[in-house]
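# Survey of secondary and tertiary structure
Here are the chains, one letter per residue:
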Amino acid sequence: MGVDAMKLMVSDLDGTLLNENSQLAPETHAALRQVAARGIAMAVATGRHERQARLLWPDDLPAVPVISANGARVHLADGSLLFQSRLSQDLISRLLRPELVRDTELGVYRDDCIMAYHSKREYSHYTGQVAEIADLAGFAADDVSKVIYCGTPEQLKPVELDIARDFGDEVSMTYSHVCYLEVMAPGVNKGSALALLLKHLGVKADDCAAFGDNLNDAEMLQLAGLPHVMANAHPELKRRLPDVPVIGHHAAGGVAKRLLEMLA
């Protein structure tokens, strides 16, 4: 499928558009410049905080809409808010129970910051500088977009099972990485957020190219007419989407190479 069919390019960041150092490689930067020069709209869809995503986007490229917190927030290119979904205080209190959190590290995404509980060096590389939550039981906020549990797959599995059993469809739950279990309000995912953005931009899903590598990208890739799965993708994502073409590895500029093929 060539450039004539692509009206919007939307990409996940970590493990997809970014390289192994969580940076935009020069060849990817150059490919995005070509996409912009063709007048094709671009967007980012990430589990990260919107502010983090903005910092990773080059200043010499047009500003882009950002789907953040796995779809709990959608900001337009000018920074204005198109959509937001918040976890209720009741859900937050239940999600922050020590017996549920166990030995995992906890991140709470708020409008203007990320807060953490028992934050360690291996987690802070993802969240950046964070404020510590001193008292889980007493934590209250009305602007939480998601709660993320960080740990080994063995640590996260019982947390996942407890949330599935105790919350059911009260929340949305996904993995952005084998070490990151993420929980949002019900119905929140990158696909539902992308649908809202497409409607706002007047672009059909069939004319949207999407790129992703992990389970939190599944709904977005199912919606887009031109989906792509990275070579380094989670095996379960490839199993769920067997008909979606697999492109190169994120560390080898897989998105850039595919974009240049589409533009050729």
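Scroll up for the structure.
Computed from a predicted model, the values in this text were never measured in an experiment.

Moving on, we come to the overall build of the protein. Tallying secondary structure elements over the protein gives eleven helices and 13 strands in all. On C-alpha atoms alone, the protein measures out to a radius of gyration of 18 Å, which is about the 18 Å that the 2.2 N^0.38 rule sets for 264 residues. Here the C-alpha coordinates of the protein stretch approximately 55 × 35 × 35 Å along the principal axes. Relative to its 264 residues, the protein shows a buried fraction of 53%. Long-range pairs, those at least 24 residues apart, make up 58% of the contacts in the protein between residues at least 6 apart in sequence. Here the protein has roughly 11400 Å² of accessible surface; of this, 52% comes from carbon and sulfur atoms. Computed over 25 positive and 35 negative side-chain charges, the separation of the two mean positions in the protein equals 3 Å.

The next point concerns helix α2 (residues 26-37). The end-to-end C-alpha distance of α2 is 17 Å, a good match for the 16 Å that twelve residues give at a rise of 1.5 Å each. If you check which residues of α2 are buried, you get T28, H29, A31, L32 and V35. The buried residues of α2 all sit within an arc of 165° when viewed along its axis, so they share a single face. Seen from the buried face of α2, the exposed residues on the opposite side, beyond 90 degrees, are P26 and A37. The secondary structure elements touched by the buried residues of α2 are β1 (8-11), α1 (13-17), β2 (41-45) and α11 (254-263). Following α2 by one or two positions, G39 has its phi on the positive side, about 80°.

The next subject is unusual backbone geometry. Even without a glycine there, the phi angle at N70 is positive, about 60°. Topologically, N70 is positioned in the loop between β3 (66-68) and β4 (73-75). Positive phi, normally seen in glycine, also occurs at R102, with a value near 55°. Take R102: it is sitting in the loop between α5 (98-101) and β6 (105-110).

Within the open sheet, the seven strands sit side by side as β5-β4-β3-β2-β1-β12-β13. Their pairing is mixed. The strands lining the two open edges of the sheet, one partner per strand, are β5 (81-84) and β13 (226-229). Direction aside, neighbouring strands of the sheet carry axes that sit 15° apart on average. When β3 meets β4, the two strands line up antiparallel, connected through three bridges. By the bridge assignment for β4, I67 is matched with V74. In the packing of α11 onto the sheet, contacts are made with β1, β12 (208-212) and β13, and the angle to β12 comes to roughly 160°.

So, on to the pairing of strand β10 (residues 172-177). Across a regular strand the side chains alternate sides, sitting on one face of the sheet and then on the other. As paired elements, β10 and strand β11 (residues 180-184) share five bridges and run antiparallel to each other. For T174, the partnering residue across the bridge sits in β11 and is E182.

Rules and cut-offs
- Residues numbered from 1 in each chain as written.
- Predicted model: local features only at pLDDT ≥ 70, side-chain atom pairs only at ≥ 80, totals over all residues.
- Heavy atoms only, no water.
- Helix = DSSP H or I, 4+ residues; strand = E, 2+ residues; numbered from the N terminus.
- Rg over C-alpha atoms; globule rule 2.2 N^0.38 Å.
- Buried < 20%, exposed > 50% of the residue type's maximum accessible area, 1.4 Å probe, protein only.
- Contact = heavy atoms within 4.5 Å.
- Areas by Shrake-Rupley, 256 points an atom, 1.4 Å probe, with all protein chains shown as cover.
- Lys, Arg positive; Asp, Glu negative; His and termini not counted.
- Charge placed at Lys NZ, Arg CZ, Asp CG, Glu CD.
- Expected span 1.5 Å × (residues − 1).
- Arc of directions from axis to C-beta.
- Pairing = 2+ DSSP bridges.
- Axes fitted to C-alpha atoms, helices over the stretch in contact; angles between N-to-C directions.

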